[in-house]
Amino acid sequence: MALERRKFVGTFIHSKSLTDLEICEEATIGVDEHGKIAYITRPGPDKAPDGWDSVHTIKLEGNKFFFPGFIDTHIHASQYPNAGVFGKSTLLDWLNTYTFPLESSFSDTAIASKVYNRVVARTLSQGTTTACYYATTHVPATNLLADICLKRGQRAFVGRVCMDRMSPEYYQDESTESAIADTRSCISHIRSIDPSFDLISPVITPRFAPSCHTATLAALGALQKETNLPVQTHISENTSEIALVAELFPEADSYAHVYDTAGLLTPKTILAHAVHLSPTERQLIKSRDAKISHCPASNTAITSGRAKVRELLDEGLTIGLGTDVSGGHTSSMLSEAREALFVSRHVAMTDGDEAKLAVEEALYLATRGGAKVVGLESKIGGFEMGMDWDAQVVGLGDTVGTDEIDQSEGLLEIFGKETWEEKVAKWVYTGDDRNTLAVWVKGRLVHKRNGFTI
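This is a predicted model, so every value here is computed, not measured. (Residues numbered from 1 in each chain as written. Predicted model: local features only at pLDDT ≥ 70, side-chain atom pairs only at ≥ 80, totals over all residues. Heavy atoms only, no water.)

S.K.: Would you explain the overall build of the protein chain in this entry?
M.R.: Along the protein chain, the regular secondary structure elements total 13 helices and 18 strands. A compact globule built from 454 residues would reach a C-alpha radius of gyration of about 22 Å, and the protein chain, at 22 Å, matches this within 12%. Along the first, second and third principal axes, the C-alpha set of the protein chain runs to 65 × 50 × 40 Å. Within the protein chain, buried positions represent 59% of all 454 residues. Look at the contacts in the protein chain between residues 6 or more apart in sequence, and 72% of them connect residues 24 or more apart. In the form shown here, the protein chain has an accessible surface area of approximately 17900 Å², with 50% of it arising from carbon and sulfur atoms. Side chains of the protein chain give 44 positive and 59 negative charges; the mean places of these two sets differ by 4 Å. (Helix = DSSP H or I, 4+ residues; strand = E, 2+ residues; numbered from the N terminus. Rg over C-alpha atoms; globule rule 2.2 N^0.38 Å. Buried < 20%, exposed > 50% of the residue type's maximum accessible area, 1.4 Å probe, protein only. Contact = heavy atoms within 4.5 Å. Areas by Shrake-Rupley, 256 points an atom, 1.4 Å probe, with all protein chains shown as cover. Lys, Arg positive; Asp, Glu negative; His and termini not counted. Charge placed at Lys NZ, Arg CZ, Asp CG, Glu CD.)

S.K.: Just to check I follow, could you spell out the side chain of Gln126 for this structure?
M.R.: You can see Gln126 is positioned in the loop between helix 2 (109–125) and strand 7 (128–134). With residues near it in sequence (within four places) discarded, Gln126 still touches Phe70, Thr330, Ser331, Ser332, Gln392, Asp433 and Thr436.

S.K.: Can you help me understand the pairing of strand 6 (residues 70–76) in this one?
M.R.: Side-chain positions along a regular strand alternate between the two faces of the sheet. When you tally the buried positions in strand 6, you get seven out of seven residues, the bulk of the element. Bridge count for strand 6 against strand 7 is five bridges, and the pairing is parallel. Residue pairing across strands places His76 opposite Tyr134, the latter belonging to strand 7. (Pairing = 2+ DSSP bridges.)

S.K.: Even after reading the chapter, I still don't get the domain arrangement of the protein chain, so can you show me in this structure?
M.R.: Interface size is commonly expressed as the accessible surface area that is lost when the partners come together. Partitioning the protein chain into structural domains gives domain 1 (6–68 + 382–448) and domain 2 (70–373). Just the C-alpha atoms count here: the centres of domain 1 and domain 2 sit 30 Å apart. With 33 residues of domain 1 at the contact, the number on the domain 2 side is 28 residues. Interface area, domain 1 with domain 2, both sides summed: about 2600 Å², of which 61% is carbon and sulfur. In terms of surface lost to domain 2, no three residues of domain 1 exceed Leu18, Val428 and Tyr429, which account for 28% of the buried area on that side. In this structure, the connection of domain 1 to domain 2 is made through five salt bridges. When the shortest N-O distance is used, the salt bridge between Arg155 and Asp388 registers 3.0 Å. Taken together, domain 1 and domain 2 are joined by nine residue pairs in polar contact (both at pLDDT 80 or more). Elements supplying a minimum of two residues to the side of domain 1 that touches domain 2: strand 1 (6–15), strand 5 (64–68), strand 16 (391–395), helix 13 (420–430), strand 17 (436–441) and strand 18 (444–448). When residues of the side of domain 1 that touches domain 2 are assigned to their parent elements, the largest contribution, six residues, is made by helix 13. Its residues assigned to classes, the side of domain 1 that touches domain 2 comprises 16 nonpolar, ten polar and seven charged. (Domains from an automatic or database assignment. Buried area = accessible area lost by both parts, 1.4 Å probe. Salt bridge = Lys/Arg side-chain N within 4 Å of Asp/Glu carboxyl O. Polar contact = N/O pair within 3.5 Å; in protein donor to acceptor, adjacent residues only side chain to side chain. Nonpolar A, V, L, I, M, F, W, Y, C, P; charged D, E, K, R; others polar.)

S.K.: Where do I start with the nonpolar core in this structure?
M.R.: A general feature of soluble globular proteins is that nonpolar side chains tend to end up buried together. Core analysis: the biggest nonpolar cluster contains 73 residues, and Phe67, Leu217, Ile235, Tyr259, Ile285 and Trp427 have the highest contact counts within it. It is helix 12 (residues 359–373) that contributes the most residues to this core, six residues altogether. Not counting chain neighbours up to four residues away, the residues in contact with Leu217 comprise Pro206, Ala209, Cys212, Phe249, Val258, Tyr259, Ala262 and Leu264. (Core = buried A, V, L, I, M, F, W, Y, C linked by side-chain atoms within 4.5 Å.)

S.K.: Help me out: how do you make sense of the sheet that holds strand 6 in this one?
M.R.: Paired through their backbone hydrogen bonds, the strands of a sheet run either parallel or antiparallel. A sheet is described by the order of its strands in space; here four strands give the open sequence 6-7-8-10, paired in parallel fashion. If you trace the sheet from one side to the other, it starts and ends with strand 6 and strand 10 (200–202), each paired once. For this sheet, the mean inter-axis angle between neighbouring strands, taken without regard to orientation, is 15°. (Axes fitted to C-alpha atoms, helices over the stretch in contact; angles between N-to-C directions.)

S.K.: What am I meant to see in the packing of helix 4 (residues 176–193) against helix 5 (residues 214–227) here?
M.R.: For any two helices packed against each other, the geometry comes down to the angle between their axes and how far apart the axes lie. Put simply, helix 4 and helix 5 touch, their axes get as near as 9 Å, and they point 30° apart. Here helix 5 runs roughly parallel to helix 4, going by the angle between their axes. When you trace helix 4 past helix 5, the crossing you get is right-handed. For the pair formed by helix 4 and helix 5, the contact residues are Thr176, Ala179, Ile180, Thr183, Arg184 and Ile187 on the first element and Ala215, Thr216, Ala219, Leu220, Leu223 and Glu226 on the second. Here the residues of the contact of helix 4 with helix 5 sort into seven nonpolar, three polar and two charged. (Parallel < 35°, antiparallel > 145°, perpendicular 65-115°, else oblique. Left-handed = near helix turned anticlockwise from the far one by under 90°.)

S.K.: Would you explain the packing of helix 3 (residues 139–152) against helix 4 in this entry?
M.R.: The contact between helix 3 and helix 4 brings their axes to 10 Å, and the two run at 25°. When the axes of helix 3 and helix 4 are compared, the pair comes out roughly parallel. Once helix 3 is placed against helix 4, the crossing between them reads as right-handed. Contacts from Val139, Thr142, Asn143, Ala146, Asp147 and Leu150 of helix 3 reach helix 4 at Asp182, Ser185, Cys186, His189, Ile190 and Ile193. Grouping the constituent residues of the contact of helix 3 with helix 4 by class yields six nonpolar, four polar and two charged.

S.K.: Looking at this model, I keep getting lost on helix 4. Mind explaining?
M.R.: Note that an α-helix has 3.6 residues per turn; residues three or four places apart therefore point the same way. Here helix 4 spans 26 Å end to end across 18 residues, near enough to the 26 Å set by a 1.5 Å rise per residue. Buried within helix 4 we find Thr176, Ser178, Ala179, Ile180, Thr183, Cys186, Ile187, His189 and Ile190. Contacts from the buried residues of helix 4 go to helix 3, strand 8 (155–159), strand 9 (161–162), strand 10 and helix 5. (Expected span 1.5 Å × (residues − 1).)

S.K.: Explanation requested: the pattern of salt bridges in the structure shown.
M.R.: When the charged atoms of two side chains lie near each other, side chains of opposite charge can form a pair. Per the stated rule, a full pass over the model turns up 24 salt bridges. For the salt bridge of Lys379 with Asp198, the shortest nitrogen-to-oxygen distance reads 3.5 Å. Taken as a pair, Lys379 in the loop between helix 12 and strand 16 and Asp198 in the loop between helix 4 and strand 10 lie far apart in primary sequence, 181 residues in all. Within this structure, Lys36, Arg155, Asp198, Lys379, Asp388, Asp390 and Lys442 form a network of salt bridges that share partners.

S.K.: Would you take a moment to explain the side chain of Thr436 for this structure?
M.R.: Locating Thr436 in the fold gives a position in strand 17. For Thr436, a relative accessible area of 3% corresponds to the buried category. Excluding anything up to four places from it in sequence, Thr436 contacts Ser125, Gln126, Gly127, Gln392, Val393, His447 and Arg449.

S.K.: Would you mind going over the sheet that holds strand 14 (residues 291–294) with me for this structure?
M.R.: Across the sheet, four strands lie side by side as 12-13-14-15; this open sheet has parallel pairing. Two strands lie at the open edges of the sheet, namely strand 12 (231–235) and strand 15 (318–321), each paired on one side alone. Neighbour-to-neighbour, the strand axes of this sheet turn through a mean angle of 30°, independent of strand direction. Where strand 12 and strand 13 (residues 269–273) come together, five bridges link them in parallel fashion.

Next up, the structure:
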């Protein structure tokens, strides 16, 4: 369905590179009927092309700006009710204590519908325009998640979780054959609702190596080769998990080698966590052009470790951010960028100041970096001609003038002398979803905060 053309006027902020955050005031972006950026004008001699003078204009003033939509490269939609619930557990006992019982309940599609509608609505309200979702083993619930994402307008990669061991008998695939058949069923469903995978894409999803027999991993690798679909899974999150992989796959040289042998280490593979990779594994992942989802909140919450992101970046690996709900306590990608900054500082306490990430770098990982991780860097993650209008309006509130506190504007406070760079830093460190005023995906308005007029 064609959209109405729109002009967006105001301050635009986006990442040009890992270290370059471009701030452009008094600019205009025209978005066409297909939801793509048709033209960009900046202050000066630039003029809008013919035929755009009467187009509806959305103009921002004051402490508001346009920013690209966030890209969550790793989130377990089915675990959303458990966000913030992990006790003192670590990865393997956390799965058995909290995760598997919850996920197994999604055999009831009424439960799945309630949770999935909530998590998609919540993430959109937090500025997440693209999400890589893990569902459960259940075909109807997985298909429902894809339907909900399409209906609500969120760009999504939706994966039915494959697992035929290392979980309760009541919650696992019966065999390699059933895992592949059910995965094919979900792929077919998504193709039926979005034939070109323009907004919703299936993603092949082995939970992680220990949860799949060798034959299942190999069959999933063959399915990837046949379909050329993306893959998502976990790697080197926790030292006990790594020891378990070595025990279950004694023929493999490493955790990464397990996936490589199965044909699952590809340019379309997203590897979550990657906290404890060896130098050889890092080189293997780079040589296969596989991607990494850094999940700092989760790695802290269930004490998995501190991923040395600077080291990974310096070695040329492609990295985005993932909330990893419910290992991570929140579905907010803004919060995840903040966590990435804090974790990098903890690494710096032992490895030196060069390990620290800057605000600009964290925002890059949350946008442009994530776009590269999901293979959509030519379409989303920034404001360039021909890219999709996946964007959010960020409002920082009015300049502080009295002692009265307006809770509707969140915790972020502007005192009037801050530069735009300082305002952005305040947003990253003290902002929340109350600062997200409107969100568009591919030109479609998918969220608007009460009281904001467009």
